[in-house]
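Residues per chain, in single letters:
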Amino acid sequence: MSRRCRARSCWGLRGMRDYDELISFLGEWGPFQRLIFFLLSASIIPNGFNGMSAVFLAGIPEHRCRVPPSANLSREWLNASIPRELQGGREGPSRCRRYRLESLANFSALGLQPGRDVDLSQLEQEKCLDGWEYSREIYRSTIVTEWNLVCDDDWKTPLTTSLFFVGVLMGSFVSGQLSDRFGRKSILFATMAVQTGFSFVQVFSTSWEMFTVLFLIVGMGQISNYVVAFILGTEILGKSVRIIFSTLGICTFFAIGYMLLPLFAYFIRDWRMLLLALTAPGVLCVPLWWVIPESPRWLISQGRFKEAEIIIRKAAKTNGIVAPAMLFDSTEIRLISSYRDILGLFSFSPKMQDMKFQQQQKAYILDLFRTRNIAVITVMSLLLWMLTSVGYFGLSLNTPNLHGNAYINCFLSAIIEVPAYVIAWLLLRILPRRYSISGTLFLGGGVILFIQLVPTDLHILSVFLVMLGKFGITSAFSMLYVYTSELYPTIVRNMAVGATSMSSRVGSIIAPYFVYLGAYDRFLPYILMGSLTVLIGILTLFLPESFGNPLPETFDQMLRVKGFRNRQHTKHIRSSKKIEDSKTQITPL
């Protein structure tokens, strides 16, 4: 190839337009963008159903040992057959023990009276050998009543929810890779089908084990659908709309699905019928296949320019705009299609050399711990994500245990998220990140700690404090993506967000066990969650402030943890010797 031809090709690559510049003629908020915004956001509504459905599917009603009619007890001895014990500071019938029926039958046959002729505290007790009687006041049936997940098997209930979040963790790993390989649209609808299909199969579960395995798979589909919808929306929408979509659009519609959950559960109190009703809206998303397009960005990256051009021209037609006669220059198409070859061929260009150098850089997970400063930021970020997640999911899953109506409490827990997202969006626009996140964590954790000081008769105040705590933690949670992405340089930014997001999944996995502790002391979950939230709020103040600073491109540009000395600890990604060696390999003109 001649030098002249090389120069022309190099000029073509330098002059290649950015995608946002390419579609700028469409405008930012036309009918096409509004349609994509609301349809992708609406596709997240079923995620709100499935994400919190365990609140009602695995609800634990009041229960006591069953006394069979064959015990031949008098009415007095039948009423006295269950011991009394303290539960959450209140006295009530034991859930897992009863007096030994053989002894009670003898006393009943002799005509003795409980409490008067027989000291009940001296009687021998036994387990619920004949099963349990469940209250039907709140739930007609749940998986707990279906498979007796109480007493010795009560550990299975939080495990069910935890395994759902294990599925969420697994889905987080594969969703991005699958959408990069097979396309955003295909994986979006495939994961929606997984979420809806396996939820439907769950209705016919014959055992707790079957239900739990299917629930894990539903969790994989749930997060994959969420992630791919997020990616597809951010790639199709323009810069200004993209921010609102990723903060308010997706999150708000998730909250809408969450709000509809207690409404369904209130009218449908059988767990199988409830799950069937929650599955049905997923079927309504099928027609969206013919409306939601593939990401033109992804198509271009795959060299499928004709398909991308068709989508862009349809968008222009929807917006009532005449598209340019030629969207993609033939030179640009040729250059993008042979991108790697061109990088190797035109190493004489300083710009090409920089691009090639950046392409050759590889990031590893250990790079997040390569220096003391970076390691401290990473460890603190992992703790921040994990403990914030514990607080968010712990409070969400604990709503049935609050005073008052479980359905109303769940609805309040969902609706409080909407103003939390709005406040988070406003704080990100006007205030420093550290103070915004730390302040909302202090608010959330502080009010939760105050719950134990509320008199037992002030039930409304207790619920109010829980909702205020949920508001603060939700606001902080929604700001973490932006803050974390601003702390790390480009080469490891995606890895850092992925690692911290994985840490939040770990938090969601252990959150059900915080709720489980409430069976021993009703204030213990609040004390633990509140203390940990306040602690991480304090630690957040030591993280660097990224508000108003440009995104770091290298490790040297990363801000420092507060209190560290300013001397440099960072290392170059490539040693100067390797850089010099690479320069000697430049092809001469």
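No experiment lies behind these values; they were computed from the predicted model shown.

1. Some thoughts on the overall build of the chain
For the chain, the count of helices and strands is 26 helices and six strands. Residue burial in the chain is summarised as follows: out of 589 residues, 49% are buried. At a minimum sequence separation of 6, the contacts of the chain that also span at least 24 residues come to 79%. Carbon and sulfur atoms make up 62% of the accessible area of the chain, which totals about 28300 Å².

2. Digging into the pattern of salt bridges
Scanning the model with the defined rule gives ten salt bridges in all. A salt bridge links Glu-62 to Arg-95; the shortest N-O distance between them is 3.0 Å. Placement of Glu-62 in the loop between α5 (54-57) and β1 (63-65) and of Arg-95 in the loop between β3 (90-93) and β4 (97-99) is noted, with a sequence separation of 33 residues between them. We classify Glu-62 as partly exposed; its relative accessible area is 47%. In this structure Arg-95 comes out as partly exposed when scored by relative accessible area, which is 27%. Salt bridges sharing partners connect three or more residues here, namely Arg-98, Glu-126 and Asp-130.

3. Digging into the packing of helix α12 (residues 239-267) against helix α20 (residues 406-415)
Running from N to C, α12 and α20 cross one another at 170°; their axes reach a closest spacing of 8 Å. Judged by the inter-axis angle, α12 sits roughly antiparallel to α20. Residue-level contacts link Ala-255, Tyr-258, Met-259, Pro-262, Ala-265 and Tyr-266 of α12 to Tyr-407, Cys-410, Phe-411, Ser-413, Ala-414 and Ile-415 of α20. Residue classes in the contact of α12 with α20 are distributed as eleven nonpolar, one polar and no charged.

4. What to know about the state of the cysteines
For the structure shown, the criterion picks out two disulfides. Note on cysteine connectivity: Cys-96 is disulfide-linked to Cys-151, with sulfurs 2.0 Å apart. With the S-S dihedral at roughly -95°, the linkage between Cys-96 and Cys-151 falls on the left-handed side. Of this pair, Cys-96 sits in the loop between β3 and β4 while Cys-151 sits in the loop between α8 (143-147) and α9 (156-182), and the two are 55 residues apart along the sequence. In this structure Cys-96 comes out as partly exposed when scored by relative accessible area, which is 28%. Across the chain, the way the bonded cysteines pair up, counted in sequence order, is 1-3, 2-4.

5. Quick word on helix α25 (residues 524-540)
Under the 1.5 Å per step criterion, the end-to-end length of α25 is 24 Å for 17 residues, consistent within 8% with the ideal 24 Å. If you check which residues of α25 are buried, you get Pro-525, Tyr-526, Met-529, Gly-530, Thr-533, Val-534, Ile-536, Gly-537 and Thr-540. Down the axis of α25, the sector holding all buried residues measures 165°, keeping them to one side.

6. Some remarks on the packing of aromatic side chains
This structure, assessed with the given rule, holds 22 aromatic pairs. When the centroid spacing of 5.6 Å and the interplanar angle of 55° are considered together, the rings of Trp-147 and Trp-271 count as tilted. Placement of the pair is Trp-147 in helix α8 and Trp-271 in helix α13 (residues 271-283), with a sequence separation of 124 residues. Across this residue pair, the class does not change: Trp-147 and Trp-271 are buried. Judged by centre distance (6.4 Å) and plane angle (85°), the ring pair of Trp-385 and Phe-477 falls under edge-to-face. Note that Trp-385 is positioned in helix α19 (residues 372-397) and Phe-477 in helix α23 (residues 459-487), a separation of 92 residues in sequence. Assessed through its relative accessible area of 0%, Trp-385 is described here as buried. Relative accessible area serves as the criterion here: at 15%, Phe-477 is assigned to the buried category. Taken together, the ring pairs connect Trp-147, Phe-164, Phe-165, Phe-211, Phe-215, Trp-271, Trp-385, Tyr-392, Phe-393 and Phe-477 into an aromatic cluster. Lying over the aromatic face of Tyr-266, Arg-269 brings its terminal NZ or CZ to 4.8 Å of the ring centre.

7. Quick look at the confidence of the model for the chain
Model confidence for the chain is summarised by a mean pLDDT of 79, while 84% of its residues fall at 70 or above. By mean pLDDT, the top-scoring element of the chain is α8 (93), and the lowest-scoring one is helix α1 (residues 3-14) (36). Counted against residues more than four places away or in other chains, residues 1-17, with its pLDDT under 50, gives 28 contacts. Low confidence marks residues 566-589, where pLDDT is under 50. Its contacts with residues over four positions away, or in another chain, come to 31 contacts.

8. Some words on the side chain of Thr-161
For Thr-161, the position within the fold is in helix α9. Each residue touching Thr-161, except ones within four places of it in the same chain, is listed here: Ala-54, Leu-397 and Pro-512.

9. Side note on the packing of helix α10 (residues 184-202) against α13
Viewed as axis vectors pointing N to C, α10 and α13 meet at an angle of 160°, and their least axial separation amounts to 9 Å. In this view, α10 runs roughly antiparallel relative to α13, as classed from their interaxial angle. Both α10 and α13 take part in a crossing whose hand is left-handed. Contact with α10, carried on its side by Thr-196, Ser-199, Phe-200 and Gln-202, involves Trp-271, Leu-275, Leu-276, Thr-279, Gly-282 and Val-283 of α13 and no other residues of that element.

10. Considerations on the environment of Leu-78
Following the sequence through the fold, Leu-78 ends up in helix α6 (residues 75-79). With relative accessibility at 37%, the residue Leu-78 sits in the partly exposed group. Non-local contacts of Leu-78, meaning those with residues more than four positions away in its chain, are made with Arg-64, Val-67 and Leu-73.

11. Describing the environment of Ile-250
With respect to the helices and strands, Ile-250 occurs in helix α12. Ile-250 sits in the buried class, given a relative accessible area of 0%. Spatially, the C-alpha atom of Ile-250 lies 8.9 Å from that of Ile-45, the residues being 205 residues apart in sequence. With near-sequence residues (within four places) excluded, Ile-250 lies in contact with Ser-41, Ile-44, Tyr-226, Phe-230 and Phe-245.

What counts and how
Residues numbered from 1 in each chain as written. Predicted model: local features only at pLDDT ≥ 70, side-chain atom pairs only at ≥ 80, totals over all residues. Heavy atoms only, no water. Helix = DSSP H or I, 4+ residues; strand = E, 2+ residues; numbered from the N terminus. Buried < 20%, exposed > 50% of the residue type's maximum accessible area, 1.4 Å probe, protein only. Contact = heavy atoms within 4.5 Å. Areas by Shrake-Rupley, 256 points an atom, 1.4 Å probe, with all protein chains shown as cover. Salt bridge = Lys/Arg side-chain N within 4 Å of Asp/Glu carboxyl O. Axes fitted to C-alpha atoms, helices over the stretch in contact; angles between N-to-C directions. Parallel < 35°, antiparallel > 145°, perpendicular 65-115°, else oblique. Nonpolar A, V, L, I, M, F, W, Y, C, P; charged D, E, K, R; others polar. Disulfide = S-S within 2.5 Å. Expected span 1.5 Å × (residues − 1). Arc of directions from axis to C-beta. Phe/Tyr/Trp six-rings, centres within 6.5 Å; stacked < 30°, edge-to-face > 60°. Lys NZ or Arg CZ within 6 Å of the ring centre and 35° of its normal. pLDDT = per-residue confidence, 0-100. Left-handed = near helix turned anticlockwise from the far one by under 90°.

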